[in-house]
Amino acid sequence: MELRIDRRPCDLGTKAVAVPGYDAAKLAGPETCREGRSLKITIPATPRNDAAVAFAGDPHAAERFNAALHTAELTAEGSTLIGGTVRLLAASEEGYTLEIRDGGAGWAGNAARRMFSALGVAWQAELTPTTVFESWTDASPVKFFPIHRDEYEQQNSSQDLLPAERLLSVDDYHPFLHIATLVGQIFHEAGYSVKSHFLESEFFRSLYMSGAYSSRDTTAAANRMGFAARRLAPSTATANELGRVAANPKAIANTVGNIVDTATPQSVDADGEAVSGLYNNGNCFSADNGKIVFTPPAEVNVGFEYYLKYTSAHRIVSRTRLKGFDTIYLGPGSEFRFELANRYKDLRGEIVPNFTYRALVFDHVAGTQYRLTYTRNGTADTIWTDFAARSAQVTTPASGTAADPVLLIRSGSQWVPYTGDWALYNGYVGEVGETVVEVRLRTVAESISPQSPKYFNLIYFAGAEEGMSLTLHKECSLRPRFLSGPGFGSRIAFADVAQHRIRQAELLEALAHLFNLRFYTEEATRTVWIEPEEAFFGAGPEVDWTRRTDFSQPVERREIAPEIHEVRTWRYQDGDGAVTRFDAGKESPLLGSWSFETGSYAALQGEKVERNPLFAPSLSDAGHYLNAPSALILRVGDRDDAEEDGSGFTPRIVRYAGMRPLPAGERWGYPSGQAEYPLAAFHLAGDEGFTLCFEDRDGQAGLHRYYDRQVRRESSRERITLSLKLAPHEFETLFSPGTGAPDIRSVFRIDTGAGVARAVLHAVGDYDPQKASVRCTFNRLTED
């Protein structure tokens, strides 16, 4: 054997040196990967060694060995048995005691020290509808997926022709972070390359985790200067020549007055009902010459949350859009533009007898003549009506059949098919009407002080035609938001959407738990191999070592079952409101939970729960967005939690399935206006479904598939410990995957003395190259 310190040859003593081996348990995650191998060795005090350790035996030596970083390498027959940093533990006249540390993986130590938000992912954007929409299809590491905050739904008035159109604002889209990018960045910043079929798979690259905006305890600020204000009565105004209605009490005309009226507790509205939830701490909300104003007692950075509900007059302009009040201006930098969706159903494919319809031609030009035909009792081209206006009411006969309406246009002396946009609605639908709009908006934080208070008199609604009416409902509300999270129009970078208070290692630990990952690091090349357990063991070449058994040493066989519990359960963190209610209605299993019964009387009694350290399960529900009721939207938060304000929620993992088409007649409104939507889900049933549950659910294979081989082996198989004859170069290549030689990932055929078994390495004992023999422990596979 040869020892070199800082590449300088050293003299070895006469005692045999046992090189530390390997333990497969240290591959299970970043925490255990931080632990490396270490070897204590004593070398004699010879002139050559004295110089190598900076004359440590001399108390008057000019330098101290441990004051600088040194490396050492122990080899045998040209093969490196261990190498790494070295430190001096003791010095005497007889010799020097050193410790060579083949240190733990540097990336693991780096990930354990650094905060998650410190990842240098190159991304920045402005929080606008364009950013949200473009993120669904671009290569951005941050995508904004729609979420539905768990809440008790508001009921619509029985007089409303259609339910209120709840517009999705940027607050209804939450940032989700591309997990493959995050993992790659963790290793890149630590200076390591990764080899992994799993991490490069389409499945893994479709995974995203919820991001987080910065948050802090705002109780003190809210107690000192918080308020909740509401309107007391509805107010109606008509649009001016610019199509606007102001929310300004000082405007002479075309105004609905202040956006809200009061924050005084116990106020009674115009209907004589007490308004709940009002408060005005420090009387910071007041009126100044009729204008509402927020005057904090000290300078504060604050945004504002508006809940607005109004009825807009509209005119149908296409099968997908209404003309009405479709712009809300809340002050500089906060102009919210959207489209009013046409939710009236086109009935051209559903003609029934004895029913009145309205034919509506969207691109009508004055003077144009139309003919509407249909197939009656099997006779095509039956004339239904002629008309020369933008719309006309028609009624089908009381008996017989009617189908296939066709609109013709007069061209000279002939009738030819109309190629423009038109529709056939229920007869009560007019060209003009009213629609109720509901939206929640949060503005960018701004600096407000007693000397520079915030007035709310620059607000207006726009986009309508002159004379169209707008009625502001009494449910409108306003409150300050002291959280530092970004609002509409804010400039944000990756750090702003990654404010989880976790270390980078916690993400890797969570992923290791979900997919039963194994991490092996070759420090010399700074390469990390990562695969699920089943794929990791078997990735190396399968090798026949049946003739390597050293039968001069005993062969031990013992079951694994006594080391494990009779029941083991893998699950997520506790779910939020929607998940809790879902689980309460099911007998078993809980969403995202899977249990395995060992089936051996030798197992430890009781249940051991392996809970994911980071993520919680999620539910996706349809019916929350009336323009696209079929869309599945992630549901977050807990409606019964008094402390929950909807701004944050437990971290969760989802799979992005891309843009999914909506059924005919449905459209995803703001901000895309398209007949498709971004589908991100934790669990999805159906032919194209998937699940991130541990259990099988709705015919989808759960994540337990990454544990199946391991748990079956542990419950029914054994560990075999025996001695193997290994040359130094074979010991070295065990720890160098990818060379083509057998390595720790290989499947080995070994001779136990009672037969041949297929097994994978569980541990390698200390290696003495002079004996060329080492004790190894194998896990016997279920497939011999």
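Keep in mind that this is a model prediction, so the values were computed, not measured.

(A) Structural detail: the pairing of strand β6 (residues 79-91). Pairing of strand β5 (residues 70-76) with β6 involves seven bridges; the strand directions are antiparallel. Bridging from a neighbouring strand, Ala76 pairs with Ser79 of β6. Between the end of β5 and the start of β6, which pair antiparallel, lie two residues, with Glu77 showing a positive phi angle near 55°. Note that β6 and strand β7 (residues 95-102) share six bridges and pair antiparallel. Paired with Leu88 across the two strands is Leu98, which belongs to β7.

(B) Broad picture of the layout of surface pockets. When its volume is computed, the second largest pocket comes out at roughly 1,100 Å³. Along the wall of the second largest pocket there are 37 residues; nearest its centre are Arg37, Gly83, Asp102, Thr521 and Glu523. Every element with two or more residues in the lining of the second largest pocket is listed here: β3 (22-23), β5, β6, β7 and β39 (517-522). Residue contributions to the lining of the second largest pocket peak at six residues, all from β6. Broken down by class, the residue content of the lining of the second largest pocket amounts to 12 nonpolar, 11 polar and 14 charged.

(C) Seen up close, the environment of Cys33. Inspection of the secondary structure puts Cys33 in helix α1 (residues 30-33). The class for Cys33 is buried, based on a relative accessible area of 8%. Through-space distance from the C-alpha of Cys33 to that of Met1 is 28 Å; in sequence the pair is 32 residues apart. In this view, Cys33 contacts Lys26, Leu27, Gly104, Ala105, Trp107, Ala108 and Phe519; residues no more than four positions away in its chain are not counted.

(D) Region of the structure containing the sheet that holds strand β30 (residues 414-417). Spatially, four strands are ordered β27-β26-β29-β30 in an open sheet, and the strand pairing comes out antiparallel. On the outer flanks of this sheet lie β27 (379-387) and β30, each paired with one strand and no other. Going across the sheet, the axis of each strand differs from the next one's by a mean of 40°, ignoring polarity. By the bridge criterion, six bridges tie strand β26 (residues 370-376) to strand β29 (residues 402-411) in an arrangement that is antiparallel. Bridge pairing in β29 links Arg376 to Ala402.

Basis of the calculations
- Residues numbered from 1 in each chain as written.
- Predicted model: local features only at pLDDT ≥ 70, side-chain atom pairs only at ≥ 80, totals over all residues.
- Heavy atoms only, no water.
- Pairing = 2+ DSSP bridges.
- Helix = DSSP H or I, 4+ residues; strand = E, 2+ residues; numbered from the N terminus.
- 1 Å grid on protein atoms, 1.4 Å probe; cavity = no way out; pocket = protein on both sides within 12 Å on 5 of 7 lines; lining within 4 Å.
- Points joined across faces, edges and corners; volume = space filled by probe spheres on them.
- Nonpolar A, V, L, I, M, F, W, Y, C, P; charged D, E, K, R; others polar.
- Buried < 20%, exposed > 50% of the residue type's maximum accessible area, 1.4 Å probe, protein only.
- Contact = heavy atoms within 4.5 Å.
- Axes fitted to C-alpha atoms, helices over the stretch in contact; angles between N-to-C directions.

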